[in-house]
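Coordinate analysis (summary)
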Amino acid sequence: MQIEKYKVDELNQQSLNKHKNQFEFVAADVAQLDDVMKKLMAFNVAIPSWALGTGGTRFGRFSGAGEPGSLEEKIEDVGVIHALNKSSNSISLHIPWDIPENAASIKALAAQLGLHFDAVNSNTFQDQKDQKLSYKFGSLHHVDKAVRKQAVEHNIEVIKYGQQLDSKALSVWLSDGSNFPGQLNFRTAFQNTLESLQEIYAALPDDWKVWVEYKPYEPNFYSTTIGDWGQSYLLASKLGSKASTLVDLGHHLQGANIEQIVSLLLMEGKLAGFHFNDSKYGDDDLTVGSINPYQLFLIFNELVEGMDARGMNHATSIGWMIDASHNVKDPIEDLLQSVQAIKIAYAQALLVDKAALQAAQQHNDVVLAQEILQQAYRTDVRPLVAEAGFRNGGALSPVDAYRKLQVRDNLIKERGTNTVATGL
Ligand code: PSV
Ligand code: MN
């Protein structure tokens, strides 16, 4: 299904006056409004191919209706999201869940919807049908060289798929780890991982990057071989300049200061990008901004400050991607909410009075520093975000438009009620 632009325009007309008043009210107080608007309009967040279907837990999965049953339909869903928010112009594929059998036609379909391909993701955390050797005890860290070789070859194959689609990065997440003390020699596991990653690194095309994702636990519950940002950073440093650390917000133990991690990775030129989601207890994969929007703002505050300090382009210097699982929501609605939440946090961070904050820090004026941050955080920037989408040709309120245009009902008519998207 494709969204017709005139229908979005018609809906916008209905709330345009109200919106304009709200926008002007907020905008009056924004220093460098043009710059803020330009940055908001340029900002895009990639949609993962595996997030377009309903997620689940190990206890069950309650399928939604009208789910995309093929890669083509997933791309069409991202097209719907992008037509409404004008901020989701790329898709990230997970191989082998989404193998582009005919790359040329997949690319053409994406281009027709204004989309391109973000990082490609390898999968050595599940065994596939007809796979020779099992990943039960890990992949790139495995004690058996033959298993490591198989996993390396898979990653190289994923790069090849990505090349056909003009992707520019390979994202690697390993579930490798151990369930019990004594199961693994940590040093050997790390060295094996490094050696395997070096082989993958050697196969990277010149203009490609490899992003190394970390996670403290799950599916292994005693140790994970790339368990935290330090371990990822160590690997990325040893690998070379094309390797960096990918931060998935849900992959931290409770209370971790993610904004500080982000700040230091940026400082070292080793921040690959993000997998956005939110969590209350662990890797909950909840909608980003739904549990702790203040943390999201603090992360963006570090990003904006750190990127400006290094002269980086906010929109294109690092990878922005969602990685969430929608167990009880319509996936498209959840993704629309996610992108809005990210843009809200970004807009708030753009409003921070950096010179004043720096002066407050210099004078150890703790109270003023907090006032400055919270002044930005407590500004209702939603009209700025709506205006950015509107100026790009999107909907003033993407979720509202999605509902009013009855997109899911149309998708159910097209696809039926029994389709199940590939993914976890
Ligand atoms: C693992 O929890 C992870 O965050 C990795 O990014 C995977 O690629 C993705 O989720 C799989 O759902
Ligand atoms: Mn992730």
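Bear in mind the structure is a predicted one, so any value in this text is a computation, not a measurement. (Residues numbered from 1 in each chain as written. Chains lettered and ligands numbered in written order. Predicted model: local features only at pLDDT ≥ 70, side-chain atom pairs only at ≥ 80, totals over all residues.)

Attention now moves to the sheet that holds strand E10 (residues 319-322). The eight strands lie next to each other as E1-E2-E3-E4-E6-E8-E9-E10, forming an open sheet whose pairing is parallel. Only two strands of the sheet have a single partner each, and these edge strands are strand E1 (47-48) and E10. With four bridges connecting them, strand E2 (residues 90-94) and strand E3 (residues 116-121) associate as parallel partners. Paired with Ser90 across the two strands is His116, which belongs to E3. (Pairing = 2+ DSSP bridges. Helix = DSSP H or I, 4+ residues; strand = E, 2+ residues; numbered from the N terminus.)

Remark: a regular strand shows side chains that alternate across the two faces of the sheet. Burial along strand E4 (residues 169-172) is two-sided: the residues Ala169 and Ser171 and Leu170 and Val172 are all buried. Inspection of the sheet shows E3 paired to E4 by two bridges, in the parallel sense. Note on E4: the bridge partner recorded for Val120 is Leu170. Handedness of the crossover is the feature at issue here: the chain leaves E3, passes through helix H5 (residues 145-164), returns alongside E4, and the resulting connection is right-handed. Alignment of E4 against strand E6 (residues 209-213), held across four bridges, turns out to be parallel. Bridge pairing links Val172 to Val212 in E6. (Buried ≥ 20, exposed ≤ 12 C-beta atoms within 10 Å, placed from the backbone. Right-handed = clockwise from strand over helix to strand, strands pointing away.)

Let us now look at the confidence of the model for the protein. The predicted model of the protein has a mean per-residue pLDDT of 97, with 100% of residues at 70 or higher. Averaged pLDDT values for the elements of the protein fall to 96 in helix H15 (residues 407-415) and rise to 99 in E6. (pLDDT = per-residue confidence, 0-100.)

Turning our eyes to something else, we now look at the pairing of E2. Among the five residues that make up E2, five are buried, leaving the element largely enclosed by the rest of the structure. The alternating pattern of E2 places Ser90, Ser92 and His94 and Ile91 and Leu93 on opposite faces, both of which are buried. The parallel pair E2 and E3 is bridged by helix H4 (residues 103-112), and the resulting crossover is right-handed.

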